[in-house]
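An overview of the molecular structure
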Amino acid sequence: MTQPINHPIHIVIVGGVAGGASAAARARRLSETARITIFERGEHISFANCGLPYHIAGTISDRGKLLVQTPEAMRRRFGIDVRTQTEVLAIDPAARTVRVRSRVDGAEQSVSYDYLVLSPGAEPVRPPIPGADHPLVRTLRNMADMDAIKAIIDEHRPERAIVVGGGYIGLEMTEALVQRGVSVSLLVRGPQLMGHADPEMTEPLNAELLRHRVDLRLGTSLQQLTPEPQGLRAFLSDGSEIKAGLVILATGVRPEATLAREAGLAIGERGGISVDEAMRTSDPRIFAVGDAVEVIDYVGGQPALIPLAGPANRQGRIAADNIFGRDSRYDRTQGTAICKVFDLAIGMTGQSEKALRRAGRACEKIYVHPASHAGYYPGAHPLSLKLLFDPADGRILGAQAVGADGIDKRIDVLAVAIRAGMTVFDLEELELAYAPPYGSARDPINQAGFAAANVLRGDVSLAHADQLDTLSDQELLLDVRSPAECTGGMIPGSINIPLDQLRDRLEEIPRDRELIVSCQVGLRGYLACRILSQHGFACRNLSGGYKTWLQTRPFTLAGPA
């Protein structure tokens, strides 16, 4: 543990924004005598980088509102020596110095430190695509990037843009461009949007993009760009070509760990700077925070890279605490996040099913599709919630939700539940705020808890949509929806007996086959299984019902196949 500091020290911070700026402000609050210097190679010391796409879209019209803290205000309020347009070239841990260069006049100098905090962030990945160095090909990391993209739109007024990548930045930039009247082709190399999520939970995003006339191309990559008189010609992996006046590369980010690596600091297996719970690197005098560091996943225990502003802010505070002898710890990461996609939002916390499967972790899952608030109150929207839990003790391992309303509320509750070590049985008991405009007497969180607890108590056995393609002749699909509902589509091979007729038609159901029962969202299927099991039938309920099954179907331009 770092010993308390009683004499004036010099803290040098490399990089601002969330991690570095919060470390600097916290250090000043803890010590009026410390000398604090921030080196930032850009023009701005602290800006809302998550807001950049929304200024491009015009949603945030005042550019100045993105400036969280200016260098002048930081100097005036906190007495911090802020040096923008100054790049740190090298670290000498033995001498405790950094070599810096002004990007204005090229002057270099060596600056000593007692403690060093690295907050260099993450840099956009630029795939080695021929022609990607053209000025109409941009990435989005800082305000200069934002200004350049906005200038192209304002001055050149491109009819079409290509966005490469279906993660947070790719989706946010797609929406921003559409709002600016630009047609968008969204290229995603993999089979789904939002690669951190499970694929069935991203299917509603596909339909939402199509609804806003986005040319969505899953499983398609950008191969080459060539200049045209009015922009660029893009050659795609499927053999097609697109003309565009702007290309946005949003193919992910990687930690900026070059300074740390060249200084001999330990680098983690994911490529981020290795730190302990105190945000201390392998050198006890050097701390690192933010997008450049490698942390530990809260659920799985494996190394993780989490380029999010919330964790970076907390890490900066923790690093400053430990410099001044306070025992402050970063207790792993859950990767809690949310993304707006036009009128929908997708949120997640904890681990996805595919991450748990890759790690060999046992898990069970349930799906519920309730309304965002009481259905009789105007404005209720359907949401889809997936809950992952340990089949042995019910501990919550992860959750994902998608819908038009109430997604942030439910994911935040489940994020707290994971942090508190809660189980699905605890979700049954949660007392959450209810009034018809905001929720239901039985909140979707409670509903997820009930559905999961029913499984663990043995009240029902589950089937999952991804198992239906491999059923044997010893199993039978039974749809208990109304005939009118079934005219809109059924799982192939199903027979239909409506739930309200089930008790009177038991003799029509073979007793030598296991029944896989489905309804629209899973509730009536559960009720049917309770009836059938008490009459001696073997049955499993399809979790999430027909709606979840549809979300697992291969995506086509017309929707799920």
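Residues numbered from 1 in each chain as written. Predicted model: local features only at pLDDT ≥ 70, side-chain atom pairs only at ≥ 80, totals over all residues. Heavy atoms only, no water.

Another point: the overall build of the chain. Along the backbone of the chain there are 15 helices and 35 strands. Compactness check: the chain gives a C-alpha radius of gyration of 27 Å against a globular reference of 24 Å for 561 residues, within 12% of the reference. Taken along its principal axes, the extent of the C-alpha atoms in the chain is 90 × 65 × 40 Å. Partitioning the intrachain contacts of the chain with sequence separation of at least 6 by distance along the chain shows that 64% fall at a separation of at least 24. With 61 positive and 66 negative side-chain charges, the chain shows a spacing of 4 Å between the two charge centroids. (Helix = DSSP H or I, 4+ residues; strand = E, 2+ residues; numbered from the N terminus. Rg over C-alpha atoms; globule rule 2.2 N^0.38 Å. Contact = heavy atoms within 4.5 Å. Lys, Arg positive; Asp, Glu negative; His and termini not counted. Charge placed at Lys NZ, Arg CZ, Asp CG, Glu CD.)

Now for empty space enclosed by the protein. Enumeration over the complete set of coordinates arrives at 1 cavity of 30 Å³ or more. In this model, the largest cavity occupies a volume close to 30 Å³. Counting residues per element, the ones that place at least two in the lining of the largest cavity are β22 (293-296) and α8 (309-323). (1 Å grid on protein atoms, 1.4 Å probe; cavity = no way out; pocket = protein on both sides within 12 Å on 5 of 7 lines; lining within 4 Å. Points joined across faces, edges and corners; volume = space filled by probe spheres on them.)

On the surface, a cluster of nonpolar side chains totalling about 370 Å² of accessible area is made up of Tyr 376, Tyr 377 and Tyr 434. Among the structural elements, Tyr 377 can be located in the loop between β26 (364-368) and β27 (383-389). (Patch = residues over 30% accessible without salt bridge, like charges linked within 9 Å, V, L, I, M, F, W, Y side chains within 5 Å. Areas by Shrake-Rupley, 256 points an atom, 1.4 Å probe, with all protein chains shown as cover. Salt bridge = Lys/Arg side-chain N within 4 Å of Asp/Glu carboxyl O.)

The strands making up a sheet associate through backbone hydrogen bonding, with each pair oriented either parallel or antiparallel. One open sheet holds the 5 strands; their spatial order is β29-β33-β32-β30-β31, and the pairing between them is parallel. Where the open sheet ends on each side, the last strands, each with one partner, are β29 (462-463) and β31 (495-496). Alignment of strand β30 (residues 475-479) against strand β32 (residues 514-518), held across 5 bridges, turns out to be parallel. Within the sheet, the bridge partner assigned to Leu 476 lies in β32 and is Leu 515. Docked against the sheet, helix α14 (residues 523-534) engages β30, β32 and β33 (539-542), running at close to 175° with respect to β33. (Pairing = 2+ DSSP bridges. Axes fitted to C-alpha atoms, helices over the stretch in contact; angles between N-to-C directions.)

Right, let's talk about the confidence of the model for the chain for a bit. Taken as a whole, the chain shows an average pLDDT of 94; of its residues, 98% reach a score of 70 or greater. In the model, residues 1-5 has pLDDT below 50 throughout and makes 16 contacts with residues more than four positions away in sequence or in other chains. (pLDDT = per-residue confidence, 0-100.)

Here we take up the pairing of β26. Counted residue by residue, β26 has 5 buried out of 5 residues, so it is predominantly covered. Taken together, the 5 bridges between β26 and β27 define a ladder with antiparallel strand orientation. Note that in β27 the partner of Ile 366 across the bridge is Leu 387. (Buried < 20%, exposed > 50% of the residue type's maximum accessible area, 1.4 Å probe, protein only.)

Right, let's talk about unusual backbone geometry for a bit. Although it is not a glycine, Met 279 sits at a positive phi angle of roughly 70°. Counting through the fold element by element, Met 279 comes out in the loop between β20 (273-274) and β21 (286-288). Positive phi values are uncommon outside glycine, yet Phe 342 reaches one of about 55°.

Evaluation of the coordinates by the stated rule reveals 0 disulfides. Here Cys 50 stays unpaired: no disulfide links it, and the sulfur of Cys 339, its closest cysteine neighbor, is 11 Å away. Not engaged in a disulfide, the cysteine Cys 539 finds its nearest cysteine sulfur in Cys 529; these two sulfurs lie 3.2 Å apart. (Disulfide = S-S within 2.5 Å.)

We now examine the pattern of salt bridges. Where side chains of opposite charge bring their charged atoms close, a pairing between them can arise. What the rule picks out here adds up to 36 salt bridges. When the shortest N-O distance is used, the salt bridge between Lys 340 and Glu 175 registers 2.3 Å. Here Glu 175 lies in helix α5 (residues 168-179) and Lys 340 lies in strand β24 (residues 337-341), a separation of 165 residues in the sequence. With relative accessibility at 38%, the residue Lys 340 sits in the partly exposed group. On the accessibility criterion, Glu 175 (4% relative accessible area) is buried. For Asp 331, the salt bridge goes to Arg 332, with nearest N and O atoms at 2.9 Å. The class of Arg 332 is partly exposed, set by a relative accessible area of 30%.

Read across the sheet, 5 strands follow the order β5-β2-β1-β9-β21 without closing on themselves; strand pairing throughout is parallel. Each of the sheet's edge strands pairs with one partner strand only, and the pair in question is β5 (81-84) and β21. Averaged over all pairs of adjacent strands, the angle between strand axes in this sheet comes to 15°, irrespective of strand direction. Alignment of strand β9 (residues 115-118) against β21, held across 3 bridges, turns out to be parallel.

Counted by the stated rule, this structure contains 2 aromatic pairs. Judged by centre distance (6.4 Å) and plane angle (50°), the rings of Tyr 115 and Phe 287 are tilted. In this pair, Tyr 115 is assigned in strand β9 and Phe 287 in strand β21, connecting sequence segments 172 residues apart. Its relative accessible area of 6% is what places Tyr 115 among the buried residues. Note on Tyr 546 and Trp 549: the rings are 5.7 Å apart at their centroids and 25° apart in plane angle, and the pair reads as stacked. In this pair, Tyr 546 and Trp 549 are both assigned in helix α15 (residues 545-551), 3 residues apart and thus about one turn of the helix distant. For the residue pair Tyr 546 and Trp 549, the accessibility class agrees, reading buried in each case. (Phe/Tyr/Trp six-rings, centres within 6.5 Å; stacked < 30°, edge-to-face > 60°.)

What follows concerns helix α12 (residues 444-456). The end-to-end C-alpha distance of α12, which contains 13 residues, comes to 19 Å, matching closely the 18 Å that a straight helix rising 1.5 Å per residue would cover. The complete set of buried residues in α12 reads Pro 444, Ile 445, Asn 446, Ala 448, Gly 449, Ala 452, Ala 453, Asn 454 and Val 455. The secondary structure elements touched by the buried residues of α12 are β26, β27, α10 (407-419), α11 (424-429), β29 and α14. Where α12 begins, one side-chain oxygen reaches toward the backbone nitrogen of Ile 445, 2.9 Å away; that side chain belongs to Asp 443. Backbone geometry just downstream of α12 places Gly 458 in the positive-phi region, at approximately 85°. (Expected span 1.5 Å × (residues − 1). Polar contact = N/O pair within 3.5 Å; in protein donor to acceptor, adjacent residues only side chain to side chain.)

Tracing the backbone shows Glu 475 in strand β30. Here Ser 472 takes part through its backbone nitrogen, which lies 2.8 Å from a polar atom of the side chain of Glu 475. In contact with Glu 475, other than residues within four places in its own chain, are Arg 513, Glu 514, Ile 516 and Arg 540.

What follows is about the pairing of strand β14 (residues 215-218). Both strand β13 (residues 183-188) and β14 contribute to a ladder of 4 bridges, which runs parallel. In the strand pairing of β14, Ser 185 is matched with Asp 215. The handedness of the β13 to β14 crossover, carried by helix α6 (residues 199-211), is right-handed. (Right-handed = clockwise from strand over helix to strand, strands pointing away.)

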